[in-house]
Amino acid sequence: MVAEMGLTNSGKPANGPSEFTWTPDAKEKLDRLPAFVKPMVQASVEGYARKQGFKSITLQVMDDSKN
């Protein structure tokens, strides 16, 4: 599960540069999260986007990644 979230050395670190383009509204939603949760959420959303072949993260991608 940790590898699926992109939290291993084989994935991009959550606090490093992202390979994804975040839309302004999705980035705003991410930035509103508490600091201790933000890296986990970002890694989870980016892991989902990677599996789905997305290059851009929108609010819809964020919502879909929860399921």
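Residues numbered from 1 in each chain as written. Predicted model: local features only at pLDDT ≥ 70, side-chain atom pairs only at ≥ 80, totals over all residues. Heavy atoms only, no water.

### Details of helix α2 (residues 38-52)
Phase 1 of the analysis: Compared with the 21 Å implied by 1.5 Å per residue over 15 residues, the 21 Å span of α2 between its first and last C-alpha is a close match.
Phase 2 of the analysis: All of the buried residues along α2 are Q42, A43, V45, E46, G47 and A49.
Phase 3 of the analysis: Check the buried side of α2 and you find it contacts β1 (21-22), α1 (24-31), β2 (56-57) and α3 (59-65).
Phase 4 of the analysis: Trailing α2 by a residue or two, G53 shows a phi angle of about 85 degrees, which is positive. (Helix = DSSP H or I, 4+ residues; strand = E, 2+ residues; numbered from the N terminus. Expected span 1.5 Å × (residues − 1). Buried < 20%, exposed > 50% of the residue type's maximum accessible area, 1.4 Å probe, protein only. Contact = heavy atoms within 4.5 Å.)

### Topic: the confidence of the model for the protein chain
Phase 1 of the analysis: Mean pLDDT over the protein chain works out to 85, with 76% of the residues at or above the 70 mark.
Phase 2 of the analysis: Per-element averaging of pLDDT across the protein chain places β1 at the bottom with 96 and β2 at the top with 98.
Phase 3 of the analysis: Counting interchain partners and residues more than four positions distant, the pLDDT-below-50 stretch residues 8-14 has ten contacts. (pLDDT = per-residue confidence, 0-100.)

### A closer look at the side chain of E46
Phase 1 of the analysis: Among the secondary structure elements, E46 is positioned in helix α2.
Phase 2 of the analysis: One buried charged residue, E46, remains without a salt bridge, the closest side chain of opposite sign being R50 at 4.5 Å.
Phase 3 of the analysis: Those residues in contact with E46 that lie beyond four places of it in its chain are S18, F20, W22 and I57. (Lys, Arg positive; Asp, Glu negative; His and termini not counted. Salt bridge = Lys/Arg side-chain N within 4 Å of Asp/Glu carboxyl O.)

### Focus: the packing of aromatic side chains
Phase 1 of the analysis: In total, this model carries one aromatic pair according to the counting rule given.
Phase 2 of the analysis: Ring plane angle 50 degrees and centroid distance 6.4 Å describe the contact between Y48 and F54, whose orientation is recorded as tilted.
Phase 3 of the analysis: Among the residues examined, Y48 registers a relative accessible area of 21% and is labelled partly exposed.
Phase 4 of the analysis: Under the relative-accessibility criterion, F54 is labelled partly exposed at 33%. (Phe/Tyr/Trp six-rings, centres within 6.5 Å; stacked < 30°, edge-to-face > 60°.)

### Topic: the pattern of salt bridges
Phase 1 of the analysis: Counted according to the given criterion, the structure contains six salt bridges.
Phase 2 of the analysis: Linking K38 and D31 is a salt bridge whose minimum nitrogen-to-oxygen distance equals 2.8 Å.
Phase 3 of the analysis: For K38, a relative accessible area of 24% gives the class partly exposed.
Phase 4 of the analysis: A relative accessible area of 42% places D31 in the partly exposed class.
Phase 5 of the analysis: Across the pair K66 and D63 runs a salt bridge whose closest N-O atoms are separated by 3.7 Å.
Phase 6 of the analysis: With relative accessibility at 61%, the residue K66 sits in the exposed group.
Phase 7 of the analysis: A relative accessible area of 33% means that D63 is categorised as partly exposed.
Phase 8 of the analysis: Residues participating in the shared-partner salt-bridge network are K27, D31 and K38.

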